[in-house]
Amino acid sequence: MNAVAPRSLCLVVNGKAAGDAALRVGVHHLREQGHTLDVRVTWEKGDAARWAAEAARQGIDVVAAAGGDGTLSEVVHGIVSLEKPAETAVAVVPYGTANDFATGCGIAKGNPLAALLLAAHGAIQRIDVGKVNDHHFINVASGGFGAQVTAETPAPLKKALGGAAYSLMGLITAAKMTPYEGQLITPDGAERHSMLLMAVGNGRLAGGGYAVTPRAILND
């Protein structure tokens, strides 16, 4: 049997996680195993998509997103939006507040080496990708109340409480909640609704572990 060549990887790291010692140990371990592993650190919105697209154009085997669901979403959008389809796979090293996609896949936060080893050696699985308003997503796209809570939860609160910060902010927001007017356009037509919450689930979890769309399946 011929030996399988080590995968080439690009690690796109959210700037907030760049100084983590355990992540550096994981990167060093993979390089010792013979994997080509380039590291790109984000500075502002759009960087993750740009780094991921660049890696895919270069034929990198796997782009791993070290961050939260936002970083992962940007990485996916950068690859899927390319003019020519890419064979580059996407992996996740959870470092965010909620990490809902990683949690749904059984990838635990706090062990970056294990997540990187999965990116380097794990079986590649094809999954669905959703699209809302010309933006791709792989977990849950939300609007109304849920999107407002996500947008308005302060960073210091997320750092202090983790995923529970969204629950607390949800209670605060609910006290002054009013319905939103919106139009939902699908291949079946357009419908206008007054709504409090809209969620389209490719994955099951959102908001820090809540099963918002419990029957969603990533590869159905």
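See above for the structure.
First things first, this report covers the structure right here in the doc.

1. Quick notes on the packing of helix α2 (residues 47-57) against helix α3 (residues 69-80)
Axis angle and axis distance: for two packed helices, these are the angle between their axes and the distance between the axes, and together they describe the pair.
Then comes step 1: Where α2 meets α3, the closest approach of the two axes is 7 Å, and the angle between their N-to-C directions is 40 degrees. By the angle between their axes, α2 is oblique relative to α3. Viewed along their axes, α2 and α3 form a crossing whose handedness is right-handed. Mapping the contact onto sequence places Asp47, Ala48, Ala49, Ala52, Ala53 and Ala56 in α2 and Thr71, Glu74, Val75, Gly78 and Ile79 in α3.
Then comes step 2: A class-by-class count of the residues in the contact of α2 with α3 yields seven nonpolar, two polar and two charged.

2. With respect to the pairing of strand β1 (residues 8-13)
Then comes step 1: Burial analysis of β1 places six of its six residues in the buried class, which makes it a mostly covered element.
Then comes step 2: Alternating residues of β1 divide into Ser8, Cys10 and Val12 and Leu9, Leu11 and Val13, and every residue in both groups is buried.
Then comes step 3: Taken together, the six bridges between β1 and strand β2 (residues 36-41) define a ladder with parallel strand orientation. In the strand pairing of β2, Leu11 is matched with Val39.

3. Some details on the sheet that holds β1
Within a sheet, neighbouring strands are paired by backbone hydrogen bonds and run either parallel or antiparallel to one another.
Then comes step 1: Read from one edge of the open sheet, four strands run β2-β1-β3-β4, paired in parallel fashion. Of all strands in the sheet, those with a lone pairing partner are β2 and β4 (89-94), marking the two edges. Across the sheet, the axes of successive neighbouring strands diverge by a mean angle of 20 degrees, strand direction being ignored.
Then comes step 2: The strands touched by helix α1 (residues 21-32) within the sheet are β1, β2, β3 (62-67) and β4, with β2 carrying the most contacts at an inclination of about 150 degrees.
Then comes step 3: Here α2 sits on the sheet in contact with β1, β2 and β3, set at roughly 170 degrees to β1.

Calculation rules
- Residues numbered from 1 in each chain as written.
- Predicted model: local features only at pLDDT ≥ 70, side-chain atom pairs only at ≥ 80, totals over all residues.
- Heavy atoms only, no water.
- Axes fitted to C-alpha atoms, helices over the stretch in contact; angles between N-to-C directions.
- Helix = DSSP H or I, 4+ residues; strand = E, 2+ residues; numbered from the N terminus.
- Parallel < 35°, antiparallel > 145°, perpendicular 65-115°, else oblique.
- Left-handed = near helix turned anticlockwise from the far one by under 90°.
- Contact = heavy atoms within 4.5 Å.
- Nonpolar A, V, L, I, M, F, W, Y, C, P; charged D, E, K, R; others polar.
- Buried < 20%, exposed > 50% of the residue type's maximum accessible area, 1.4 Å probe, protein only.
- Pairing = 2+ DSSP bridges.

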